[in-house]
Amino acid sequence: MKKNVSKSLTILVMLLLAFASCKKDEETKAPTNTTPTVNNKPALTADKWITQKVFIDGAEQPGHFLVGSIYQFWDDDKYSFLIPNMGNAGGTWKFENAQQTILKLNAPQGSGQTWNIKTLNATALVIEMTSDGKLWKYEFSHP
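Residues numbered from 1 in each chain as written. Predicted model: local features only at pLDDT ≥ 70, side-chain atom pairs only at ≥ 80, totals over all residues. Heavy atoms only, no water.

Novice: Can you lay out the packing of aromatic side chains for me, pointing to particular residues and giving the numbers?
Specialist: Summed over all chains, the structure comprises 12 aromatic pairs. With a centroid separation of 5.7 Å and 85 degrees between ring planes, the pair formed by F73 and W93 is classed as edge-to-face. With a gap of 20 residues between them, F73 in strand β3 (residues 70–73) and W93 in strand β5 (residues 87–95) connect regions that are remote in the sequence. Residues F73 and W93 agree in their burial class; the two are buried. With 5.8 Å between their ring centres and 85 degrees between their planes, W93 and F95 make a pair best called edge-to-face. In this pair, the class of W93 matches that of F95, namely buried. Pairwise contacts between aromatic rings join Y71, F73, Y79, F81, W93, F95, W115, W136, Y138 and F140 into one cluster. In this arrangement the basic side chain of K137 is found over the ring face of F55, its NZ or CZ atom lying 5.0 Å from the centre. (Phe/Tyr/Trp six-rings, centres within 6.5 Å; stacked < 30°, edge-to-face > 60°. Helix = DSSP H or I, 4+ residues; strand = E, 2+ residues; numbered from the N terminus. Buried < 20%, exposed > 50% of the residue type's maximum accessible area, 1.4 Å probe, protein only. Lys NZ or Arg CZ within 6 Å of the ring centre and 35° of its normal.)

Novice: Can you break down the pattern of salt bridges residue by residue, with the values?
Specialist: Close approach of charged atoms allows side chains of opposite charge to pair. Under the defined criterion, the tally for this structure stands at 3 salt bridges. The partner of K94 in a salt bridge is E96, and the shortest N-O contact between them spans 3.8 Å. Residue E128 pairs with K118 through a salt bridge whose shortest N-O separation is 4.0 Å. Note that E128 is positioned in strand β8 (residues 124–131) and K118 in strand β7 (residues 113–120), a separation of 10 residues in sequence. You can call K118 exposed: its relative accessible area is 51%. (Salt bridge = Lys/Arg side-chain N within 4 Å of Asp/Glu carboxyl O.)

Novice: Give me the nonpolar core: which residues, what numbers.
Specialist: Core analysis: the biggest nonpolar cluster contains 25 residues, and F73 and W115 have the highest contact counts within it. When residues of this core are traced back to their parent elements, those giving at least two are β1 (48–56), β3, β4 (78–83), β5, β6 (102–106), β7, β8 and β9 (134–141). Not counting chain neighbours up to four residues away, the residues in contact with F73 comprise T45, A46, D47, W49, K78, Y79, W93, L103, L105 and W115. (Core = buried A, V, L, I, M, F, W, Y, C linked by side-chain atoms within 4.5 Å. Contact = heavy atoms within 4.5 Å.)

Written out as structure tokens, the structure is:
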């Protein structure tokens, strides 16, 4: 009888150790992240953006002729700009700093623009720039 209890106890301890070691394996595994991370600003920028709102010195300009204008940025550092019923332009774009918060637009037909990026994600682009002593803010979204 003592032999059977000892044998049963040994089997029980082995089972407990087996289950305990399985639990440890599960805890030490790195969690799987299935949420895609998007932090590539050039890839986010290279898209079509439509101007939704225009602000001058903090005041929204509803009905401004630039509302509805379209910027199309391509991966090859080129862009086009279209104001519906008025015309289009284009040029090249690049980031001016390592943090990728300053975007320089160069146009052969003008002096270009320097944008300070305030928001850039998969659905929104918000920039500010100074022109003629005024602070301009543009809010863009995808079509």
